[in-house]
Amino acid sequence: MEKVQNVSQSMEVLELRTYRDLQYVRGMETLMRSLDARLRAADGSLSAKSFQELKDRMTELLPLSSVLEQYKTDTRTIVRLREEVRNLSGGLATIQEEMGAYGFEDLQQRVVALEARLHACAQKLGCGKLTGVSNPITIRAMGSRFGSWMTDTMAPSVDSRVWYMDGYYKGRRVLEFRTLGDFIKGQNFIQHLLPQPWAGTGHVVYNGSLFYNKYQSNVVVKYHFRSRSVLVQRSLPGAGYNNTFPYSWGGFSDMDFMVDESGLWAVYTTNQNAGNIVVSRLDPHTLEVVRSWDTGYPKRSAGEAFMICGVLYVTNSHLAGAKVYFAYFTNTSSYEYTDVPFHNQYSHISMLDYNPRERALYTWNNGHQVLYNVTLFHVISTAGDP
């Protein structure tokens, strides 16, 4: 509003100056017409000297004609601009009136509270048992056979940045695209160079940070994109690494990080549990293990895995004909075998992660970046339910 008022005042000053100049030029126009009339009336009665003087004066005044026309045009432009500023000022005043007595901070708090309520509703509607996976939606074909791509699972809906990491070991280059549309077109991106190389494809972006397995170690690294720095790194006790306990496709996929509606998880295995999948809940700030579960499912027999609502779902293969075959429920420490079809269009999956914000599966399938929607069977609870 202040900017509009300043522009409006500047326009008034400019209009006044232009009006005065226009009046002066119009006076010159009148004088020019008068001289022209005298020349015509005098005809042959003037001496040669007087006639030449008048003619020279007329020649001096002739350029004023074009200046006058330009002033007329400028005046019309200023009138139009002034009208636009008046309309904009009125529109801003209306918006200000509709906002009422709320200041910026009050409005921001109301928006944050509303987002929290919407997030709570989404959790109630989103959590449930997986009953179906849609047909694949190919977003782009880019990069090598192995890699990972993702969005921030905790970002607000207006933040649609996409992160892209090509390859499964010794890589350090992360591309950050502004939007999904930019990712599809391959434009508007910035590059992050990680201080330590990664291993596998089980990376995840969570609340502005990248969580990944440091190459040739069982160390978890939390890299913050905005500050371009490692905030914390910690060894995952007993976790196998360097292709000791990968998924069936190999690729240094010993450690797989995931995010669902309840937080950050690590899927891996150890010698102590005979190579069976371990699910650990991690503190995203310290990377400490909050709690762990031994699922009893051999990790080398798993194609890939993902978490939804505290449930680990495992596919039986990374190749064509794969299906979601096994589910482990952390809330009851129990499991069941499932039979959910999973269309593996390009026949080699090397990354599979669930995004709770979008309720979709992100997949890297033989150099293709693919999305799947999921169907969940859920019961909507109310505040009074036990």
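The structure displayed is predicted, hence computed values, not measured ones.

**Focus: the sheet that holds strand β13 (residues 289–298)**
Strand order in this open sheet of four strands is β10-β11-β12-β13, and the pairing throughout is antiparallel. Every interior strand has two partners, whereas the edge strands, β10 (256–260) and β13, have only one. With strand direction ignored, the average angle separating the axes of adjacent strands in the sheet is 25°. Bridge count for strand β11 (residues 263–268) against strand β12 (residues 276–282) is five bridges, and the pairing is antiparallel. Paired with valine 267 across the strands is valine 279, a residue of β12.

**Structural notes on the sheet that holds strand β9 (residues 229–235)**
Here we have seven strands laid out as an open sheet, ordered β3-β4-β5-β6-β7-β8-β9, and antiparallel in their pairing. Of all strands in the sheet, those with a lone pairing partner are β3 (147–150) and β9, marking the two edges. Here the average twist between neighbouring strands, direction ignored, is 30°. As judged from the five bridges shared by strand β6 (residues 189–206) and strand β7 (residues 209–214), these two strands associate in the antiparallel manner. For alanine 199, the partnering residue across the bridge sits in β7 and is asparagine 213.

**Overview of the side chain of threonine 153**
Along the polypeptide, threonine 153 turns up in the loop between β3 and β4 (162–166). Overall, threonine 153 belongs to the buried group, its relative accessible area being 8%. In this structure threonine 153 touches Val205, Tyr206, Val259, Asn355, Pro356 and Arg357, once residues within four positions along its chain are discounted.

**What to know about the nonpolar core**
In terms of nonpolar packing, the biggest core is built from 19 residues, with Leu130, Phe306, Tyr313 and Leu361 touching the most fellow members. The set of elements that each furnish at least two residues to this core consists of β1 (129–133), β14 (305–308), β15 (311–315), β16 (323–329), β18 (349–355) and β20 (368–377). It is β20 that provides the largest number of residues to this core, a total of four residues.

**Looking at the pattern of salt bridges**
For the coordinates displayed, the defined rule picks out seven salt bridges. For lysine 129, the salt bridge is made with glutamate 336, and the minimal N-O distance between the two is 2.8 Å. With lysine 129 in strand β1 and glutamate 336 in strand β17 (residues 334–341), the pair connects residues that are 207 residues apart, well separated along the chain. Relative accessible area serves as the criterion here: at 37%, lysine 129 is assigned to the partly exposed category. What makes glutamate 336 partly exposed here is its relative accessible area of 27%. The residue lysine 323 makes a salt bridge to aspartate 339 at a minimum N-O spacing of 3.2 Å. One end of the pair, lysine 323, is in strand β16; the other, aspartate 339, is in strand β17, and 16 residues separate them in sequence. Classification of lysine 323 as partly exposed rests on a relative accessible area of 26%.

Conventions we followed
- Residues numbered from 1 in each chain as written.
- Predicted model: local features only at pLDDT ≥ 70, side-chain atom pairs only at ≥ 80, totals over all residues.
- Heavy atoms only, no water.
- Pairing = 2+ DSSP bridges.
- Helix = DSSP H or I, 4+ residues; strand = E, 2+ residues; numbered from the N terminus.
- Axes fitted to C-alpha atoms, helices over the stretch in contact; angles between N-to-C directions.
- Buried < 20%, exposed > 50% of the residue type's maximum accessible area, 1.4 Å probe, protein only.
- Contact = heavy atoms within 4.5 Å.
- Core = buried A, V, L, I, M, F, W, Y, C linked by side-chain atoms within 4.5 Å.
- Salt bridge = Lys/Arg side-chain N within 4 Å of Asp/Glu carboxyl O.

Geometric descriptors of this kind do not, in isolation, establish any biological role.
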